[in-house]
Amino acid sequence: MTAAARRIESVVDAVGRTPLVRLRRVVTDSRAVSVYVKLECQNPGGSVKDRAGLRMIQRAIADGRLAPGKTLIDSTSGNTGVAYSLFGAALGVPVKLVMPSNVSQPRKDIARAFGTEIVYSDPMEGSDGAIRVAREIVAGAPDEYFYPDQYSNPDNPMAHYEGTGPELLEDLGDRLTHFVAGLGTTGTMMGTARRLHERSRAIRCVAVEPAEPMHGLEGLKHMATSLVPPIYDPKVHDEVASVTTEDGWDMADRLAALEGLHVGHSSGANVAVAVRLAEQLLAEGKEGCLVAIVADRGDRYFAPMKWEKRYVW
Ligand SMILES: Cc1ncc(COP(=O)(O)O)c(C=O)c1O
């Protein structure tokens, strides 16, 4: 596999086959231990959620849950919302997203750019309020809507079981020793880890979660204090590593300044864990080949600026 440009017939074919980049400066450069990042930000919607968003739509079209005339509705203003909007536009599926009215202007603009309709929910009720409004709309007209519900939709992890996992095995084969990814809906970790463990139980799958319940690592869940997604099975990964917001943000800055990779904060957290593990292996005189997921790019977090941020997206 190469990262070379190729001719494709539709933007949906641009999903996946993302590059693996070796880190050389944020971690001790050594022959024995290598750390790679998988650039999921290279997907057409700019994030790891393109894989799940596309699969949930395609499978629902294939089995009739998303019949012509139906609208896809969900309550995300984040990366999944971008994926729904993009693939909805490409596949002719109308998309409606419910967001608290105080989400940042760029979040609204990016969804609207694809023709998505936005329904605003009470800003005081945050993301739970948006979920409630989406469910009310669906309950009022069930035949008009397809509600993918990424937290319980098996096509979310399957996108990674059939995509991310095989790609890593194709690129690294038996060299791969560690896979590091954050837990949001948990789709990335569930699907990829299942596939990697089928190849070798010895590949260590490390889940990353924020150290604090109130954190600034967007996209990641602090499981102990969150609604646990139905697709999550804690037996699938081998270890959970926690990262402070500060360490995640710090590594995101270091990746930009030292590696030319301007990534989001959850990616900074994943890399912080991978680097920690790599340095441990080096100190113990062991060999390793680690991969951390880069879920999205840093420019998605330019607004609101840190000091303007008053809510969790
Ligand atoms: C920036 C970012 N990082 C990590 C994740 C977590 O991925 P998953 O939902 O597959 O667990 C998400 C999910 O929305 C995300 O947007």
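These numbers were taken from a predicted model, which means no experiment stands behind them.

A. A look at the pattern of salt bridges. Enumeration according to the criterion identifies 20 salt bridges in this entry. Arginine 132 serves as the salt-bridge partner of glutamate 125, at 2.7 Å between the closest nitrogen and oxygen. Judged by its relative accessible area of 42%, arginine 132 is partly exposed. Here arginine 204 ties to glutamate 239 by a salt bridge, and the two come within 2.9 Å at their closest N and O atoms. Taken together, the residues span a long stretch of sequence, with arginine 204 in strand β8 (residues 204-210) and glutamate 239 in strand β9 (residues 239-243) at a distance of 35 residues. Judged by its relative accessible area of 35%, arginine 204 falls in the partly exposed class. Glutamate 239 gets classed as partly exposed once you look at its relative accessible area, which sits at 25%. Salt bridges sharing partners connect three or more residues here, namely Arg55, Arg59, Asp63, Arg65, Asp155 and Glu162.

B. Just the side chain of histidine 222, in detail. Summarising the element assignment, histidine 222 is placed in the loop between β8 and β9. Ignoring sequence-local partners within four residues, the contact set of histidine 222 consists of Glu209, Pro210, Ala211, Glu212, Pro213 and His215.

C. Main features of the site of the ligand. Of all residues adjacent to the ligand, which total 16 residues, the nearest are Lys49, Thr185, Thr186, Thr188 and Ser266. In the environment of the ligand, an oxygen atom lies 2.6 Å from a nitrogen or oxygen atom belonging to the side chain of threonine 188. Taking 390 Å² as the accessible area of the ligand by itself, protein coverage stands at 92%. Within the shell around the ligand, the residues separate by chemical class into 4 nonpolar, 9 polar and 3 charged.

D. Broad picture of helix α5 (residues 155-172). For α5, with 18 residues, the first-to-last C-alpha span of 25 Å sits near the 26 Å given by 1.5 Å per residue. Approximately 30 degrees is the largest bend angle found in α5, and it occurs at tyrosine 161. Summarising burial for α5: 13 of the 18 residues are buried, a large majority. Backbone geometry just after α5 places glycine 173 at a positive phi near 55 degrees.

E. The arrangement of the pairing of strand β7 (residues 178-182) in detail. In terms of burial, β7 is a largely internal element, 5 of the 5 residues being buried. Burial of β7 is two-sided: the residues His178, Val180 and Gly182 facing one way and the residues Phe179 and Ala181 facing the other way are all buried. Direction of pairing for β7 relative to β8: parallel, over a ladder of 5 bridges. Pairing of histidine 178 across the sheet is with arginine 204, part of β8. Taken together, β7, helix α6 (residues 187-199) and β8 form a β-α-β motif whose crossover is right-handed.

Analysis parameters
Residues numbered from 1 in each chain as written. Predicted model: local features only at pLDDT ≥ 70, side-chain atom pairs only at ≥ 80, totals over all residues. Heavy atoms only, no water. Salt bridge = Lys/Arg side-chain N within 4 Å of Asp/Glu carboxyl O. Buried < 20%, exposed > 50% of the residue type's maximum accessible area, 1.4 Å probe, protein only. Helix = DSSP H or I, 4+ residues; strand = E, 2+ residues; numbered from the N terminus. Contact = heavy atoms within 4.5 Å. Near = heavy atom within 4 Å. Polar contact = N/O pair within 3.5 Å; in protein donor to acceptor, adjacent residues only side chain to side chain. Areas by Shrake-Rupley, 256 points an atom, 1.4 Å probe, with all protein chains shown as cover. Nonpolar A, V, L, I, M, F, W, Y, C, P; charged D, E, K, R; others polar. Expected span 1.5 Å × (residues − 1). Bend = angle between axes of the 7 residues up to and from the residue. Pairing = 2+ DSSP bridges. Right-handed = clockwise from strand over helix to strand, strands pointing away.

In short, shape yes, function no, at least from these values alone.
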